[in-house]
Amino acid sequence: MRIHIDKDRCMGAGMCALTVPGVFTQDDDGLSEILPGREDGAGEPLVREAVRACPVQAIAVEGE
Ligand code: SF4
């Protein structure tokens, strides 16, 4: 699995960081950021829930 954040689309709602705090955080502007080394989702089953929870579909997940 590989996670991508579209920062042009992200509006900083923070749902991803709330849903999976072990993978997502927010940068100084409040935009979503993946924690270093967690681009593969770190085995967190809730990553797909974070994709669904993002109100602007800024998170994309590639592969299983
Ligand atoms: S839930 Fe979506 S809009 Fe909100 S911070 Fe995460 S990526 Fe950005």
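Residues numbered from 1 in each chain as written. Predicted model: local features only at pLDDT ≥ 70, side-chain atom pairs only at ≥ 80, totals over all residues. Heavy atoms only, no water.

Visitor: Describe the overall build of the chain, naming the residues involved and giving the relevant values.
Guide: Scanning the chain from terminus to terminus reveals 2 helices and 4 strands. When the helices and strands of the chain are read in sequence order from the N terminus, they spell out β-α-β-β-α-β. Taking 2.2 N^0.38 as the reference for a compact globule, 64 residues should give roughly 11 Å; the C-alpha atoms of the chain span a radius of gyration of 10 Å, in line with that estimate. Over its C-alpha atoms, taken along the principal directions, the chain stretches across nearly 30 × 20 × 20 Å. Taken over 64 residues, the chain has a buried fraction of 31%. Across the chain, contacts joining residues at least 24 apart in sequence account for 55% of those joining residues at least 6 apart. Here the chain has roughly 3,900 Å² of accessible surface; of this, 48% comes from carbon and sulfur atoms. Between the mean site of the 6 positive side-chain charges and the mean site of the 12 negative ones, the chain shows a separation of 5 Å. (Helix = DSSP H or I, 4+ residues; strand = E, 2+ residues; numbered from the N terminus. Rg over C-alpha atoms; globule rule 2.2 N^0.38 Å. Buried < 20%, exposed > 50% of the residue type's maximum accessible area, 1.4 Å probe, protein only. Contact = heavy atoms within 4.5 Å. Areas by Shrake-Rupley, 256 points an atom, 1.4 Å probe, with all protein chains shown as cover. Lys, Arg positive; Asp, Glu negative; His and termini not counted. Charge placed at Lys NZ, Arg CZ, Asp CG, Glu CD.)

Visitor: Requested: an account of the site of the ligand, with residues and values cited.
Guide: The full set close to the ligand counts 13 residues, and Cys10, Ala13, Gly14, Cys16 and Cys54 are the nearest of them. Judged by the fraction of its atoms near the pocket grid, the ligand is located in the largest cavity. A breakdown of the residues in the shell around the ligand according to their chemical character gives 10 nonpolar, 3 polar and no charged. (Near = heavy atom within 4 Å. 1 Å grid on protein atoms, 1.4 Å probe; cavity = no way out; pocket = protein on both sides within 12 Å on 5 of 7 lines; lining within 4 Å. Sits in = over half its atoms within 2 Å of the grid points. Nonpolar A, V, L, I, M, F, W, Y, C, P; charged D, E, K, R; others polar.)

Visitor: Before we move on, can you summarise the nonpolar core with the specific residues and values?
Guide: Core analysis: the largest hydrophobic core is formed by 14 residues, its most contacted members being Ile3, Val20, Val23, Phe24, Ala50 and Ile59. Elements with a minimum of two residues in this core: α1 (15-19) and α2 (47-53). (Core = buried A, V, L, I, M, F, W, Y, C linked by side-chain atoms within 4.5 Å.)

Visitor: Outline empty space enclosed by the protein, listing residues and values.
Guide: Using the criterion set out here, one finds 1 cavity of 30 Å³ or more in the structure. In this structure, the largest cavity occupies an estimated 100 Å³ of space. Lining the largest cavity are 14 residues, and of these Cys10, Ala13, Gly14, Cys16 and Cys54 lie nearest its centre. When grouped by side-chain class, the residues that make up the lining of the largest cavity number 11 nonpolar, 3 polar and no charged. (Points joined across faces, edges and corners; volume = space filled by probe spheres on them.)

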